[in-house]
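Here are the chains, one letter per residue:
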Amino acid sequence: MTPTLWQHARIATLAPGRPWGWIDDGALLVQGDTLRWVGPLAELPAGRPPDAVHDLGGALVTPGLIDAHTHLVYGGDRAAEFELRLQGASYEEIARAGGGILATVAATRAASDDELFASAAARARALVSEGVTTIEIKSGYGLSEAHEARCLAVARRLGRELPLTVRTTSLAAHALPPEYAGRADDYITDACSWLAGQQAQGLVDAVDAFCDTIGFTPAQTERIFLAARHLGLPVKLHAEQLSDQGGAALAARFGAFSCDHLEHLSSEGVAAMRKAGTVAMLLPGAYYFLRETKLPPVAALRAAGVPMAIASDHNPGSSPGLSLLLMLNMACTLFRLTPEEAWRGVTVDAARALGLADRGMLAAGLRADFVVWDAAHPRDLAYRYGHNPCLRIIRGGVETIRP
Ligand code: NIG
Ligand code: FE
């Protein structure tokens, strides 16, 4: 197979060694779905001439974006709950009154597979249009064996029918479904027993839980993690979002890929994550939309060298937005990340949070997932918001049509 050359680009490879992994007048040599060579055009190795040459005229190239925490598959919306919150009700109060996640569970159970697929596909296309090439999708709005499997199957179908790599996460331990009211431990027993079937059907890449006062206790979370470990499935955790439950330290003990949210993370939690190599998944969209006031401990995470990923956390209750570019801006303005940290958060560190070693930066041997932007520098994309300068998306070496 003869390679394809993409040349005259300003490239932010995000590879280590220099800020942004920057290359001024760069080129990418692509063979099949893989990058064969990335570097300054003047240093392009001599060899077989490429069968196609694309001149990018000095446009910016970055790795494809990775949205490593979403709840994309669900029925209905929560606009009425948004109005209730504007009138003073809190997210927790609404959840305790049977609304919140459980309202979405009812709407999800009532939707057909095709309806779930159509609404999730429209949302996925919005993410793709901003250069997202890999996405994680959690279940967690089915909360029965059949409905959880159905939502995971819809996520898998998105990966087959859209120009996206989809990684799926089983989040049955998201909320207690009404039929188990007062029997949370029984629910966890059953949710643990569903994992083997999900795995046998190829529906699950990782396991997550919501460890909080309106979610599950650390002891219940640990049971889910033990079931995942038994099957060899990696774990991650919605941890320390609304309160400090010690969830991050628990997840770190299980070698979690990531701990997510983390507004209430303690210094012990930071130390445990550092030791385990767990990624801190920061979710500025949920912080913003729930009008949280407690910031995640970014300075402590940075000082400890814990990698920080950024994701949309798209879901109908706490983060209904569909723009990973906006999250770059919010990570900087709300959480005080540098633009380069925010970019690492949606590329290199997002890949790490999904356990994917083949993407997240532009270097020989990695996947040819990259985006061409009408911008001079990636910091411009963290600076502007409500603005999408995406020109072209190349995924696995193939140019995809921008939705
Ligand atoms: O990541 N915290 C729990 N889960 C979601 C919200 C789910 C919902 O409100 O529907 C989150 O914020
Ligand atoms: Fe979430």
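Residues numbered from 1 in each chain as written. Chains lettered and ligands numbered in written order. Predicted model: local features only at pLDDT ≥ 70, side-chain atom pairs only at ≥ 80, totals over all residues. Heavy atoms only, no water.

Q: Teacher, can you tell me more about the overall build of the chain here?
A: Each helix and strand in the chain was counted, giving 15 helices and 16 strands. Once the C-alpha set of the chain is aligned to its principal axes, its extents read approximately 70 × 45 × 45 Å. Carbon together with sulfur atoms contributes 53% to the accessible area of the chain, which is approximately 15200 Å² in total. Taking the average location of the 36 positive side-chain charges in the chain and that of its 43 negative ones, the two points are 3 Å from each other. (Helix = DSSP H or I, 4+ residues; strand = E, 2+ residues; numbered from the N terminus. Areas by Shrake-Rupley, 256 points an atom, 1.4 Å probe, with all protein chains shown as cover. Lys, Arg positive; Asp, Glu negative; His and termini not counted. Charge placed at Lys NZ, Arg CZ, Asp CG, Glu CD.)

Q: Help me out: how do you make sense of the sheet that holds strand β8 (residues 165–173) in this one?
A: As summarised here, the arrangement of the eight strands in space is β6-β7-β8-β9-β10-β11-β12-β13, forming an open sheet in which the pairing is parallel. Looking at which strands have only one partner, the edges of the open sheet turn out to be β6 (65–67) and β13 (308–310). Pairs of neighbouring strands in the sheet enclose a mean axial angle of 25 degrees, with direction left out of account. Its contacts with the sheet place helix α12 (residues 324–333) against β6, β7 (132–138) and β13, and it is angled at close to 85 degrees to β6. (Pairing = 2+ DSSP bridges. Axes fitted to C-alpha atoms, helices over the stretch in contact; angles between N-to-C directions. Contact = heavy atoms within 4.5 Å.)

Q: Explanation requested: the domain arrangement of the chain in the structure shown.
A: When the parts of a complex come together, some accessible area is lost, and that lost area is often used as the size of the interface. Split by domain assignment, the chain resolves into domain 1 (4–63 + 360–400) and domain 2 (65–353). On a C-alpha basis, the centres of domain 1 and domain 2 stand 30 Å from each other. Taken together, the 26 residues of domain 1 in the interface contact 23 residues of domain 2. Carbon and sulfur atoms make up 65% of the area that domain 1 and domain 2 hide from each other, which totals about 1900 Å². Considering only the surface of domain 1 that becomes buried against domain 2, L14, A382 and R395 emerge as the three largest contributors, covering 28% of it. One can count zero salt bridges joining domain 1 with domain 2. Here domain 1 is connected to domain 2 by ten residue pairs in polar contact (both at pLDDT 80 or more). When residues of the side of domain 1 that touches domain 2 are traced back to their parent elements, those giving at least two are β5 (60–63), β14 (370–373), α15 (378–383) and β15 (390–395). Looking at the side of domain 1 that touches domain 2 element by element, the count peaks at five residues for α15. (Domains from an automatic or database assignment. Buried area = accessible area lost by both parts, 1.4 Å probe. Salt bridge = Lys/Arg side-chain N within 4 Å of Asp/Glu carboxyl O. Polar contact = N/O pair within 3.5 Å; in protein donor to acceptor, adjacent residues only side chain to side chain.)

Q: I'm lost on the packing of helix α6 (residues 184–200) against helix α7 (residues 218–231) in this one. Help?
A: Two numbers describe how α6 lies on α7: the axes approach to 10 Å, and their chain directions differ by 20 degrees. The pairing of α6 with α7 is recorded here as roughly parallel in orientation. Pair α6 / α7 crosses with right-handed handedness. Of α7, the residues touching α6 (which contributes A184, D185, I188, T189, A191, C192, L195, A196 and Q199) are Q220, R223, I224, A227, A228 and L231. Split by residue class, the contact of α6 with α7 holds ten nonpolar, three polar and two charged. (Parallel < 35°, antiparallel > 145°, perpendicular 65-115°, else oblique. Left-handed = near helix turned anticlockwise from the far one by under 90°. Nonpolar A, V, L, I, M, F, W, Y, C, P; charged D, E, K, R; others polar.)

Q: Sorry if this is basic, but what is going on with the site of ligand 1 here?
A: Among the 15 residues in the neighbourhood of ligand 1, the closest are listed as R78, Y91, Y141, Q241 and S318. The fraction of the free accessible surface of ligand 1 (330 Å²) that becomes covered by protein chains is 100%. A class-by-class count of the residues in the shell around ligand 1 yields four nonpolar, nine polar and two charged. (Near = heavy atom within 4 Å.)

Q: Honestly, the coordination of the iron ion (ligand 2) in this entry has me stumped. Any pointers?
A: Put simply, the ideal angle at a metal is 109.5 degrees for four donors in tetrahedral geometry and 90 or 180 degrees for six donors in octahedral geometry. Note on the iron ion (ligand 2): its protein donors are H69 (NE2), H71 (NE2), H238 (NE2) and D313 (OD). The metal-donor distances range over 2.1 to 2.3 Å. Sequence positions of the donors to the iron ion (ligand 2) reduce to the motif H-x1-H-x166-H-x74-D. Taken together, the positions of H71 in the loop between β6 and α1 (79–86) and D313 in the loop between β13 and α12 put the pair 242 residues apart, joining distant regions of the chain. Note on accessibility: H71 and D313 belong to one class, buried. (Donors = N, O, S within 2.8 Å, 3.2 Å for Na, K, Ca; no water. Buried < 20%, exposed > 50% of the residue type's maximum accessible area, 1.4 Å probe, protein only.)

Q: I would appreciate a short explanation of the pairing of β15 in the present structure.
A: Two faces, one strand: in a regular strand the side chains alternate between the faces of the sheet. With four bridges joining them, β14 and β15 adopt antiparallel strand pairing. Note that in β15 the partner of W373 across the bridge is C390. Of the strand pairs in this sheet, β15 and strand β16 (residues 398–400) are connected by three bridges, and their pairing is antiparallel. Considered in β16, the bridge of I393 is made with T400. Hairpin connection between β15 and β16: a loop of two residues separates the two successive antiparallel strands, and G396 in this loop has a positive phi of roughly 55 degrees.

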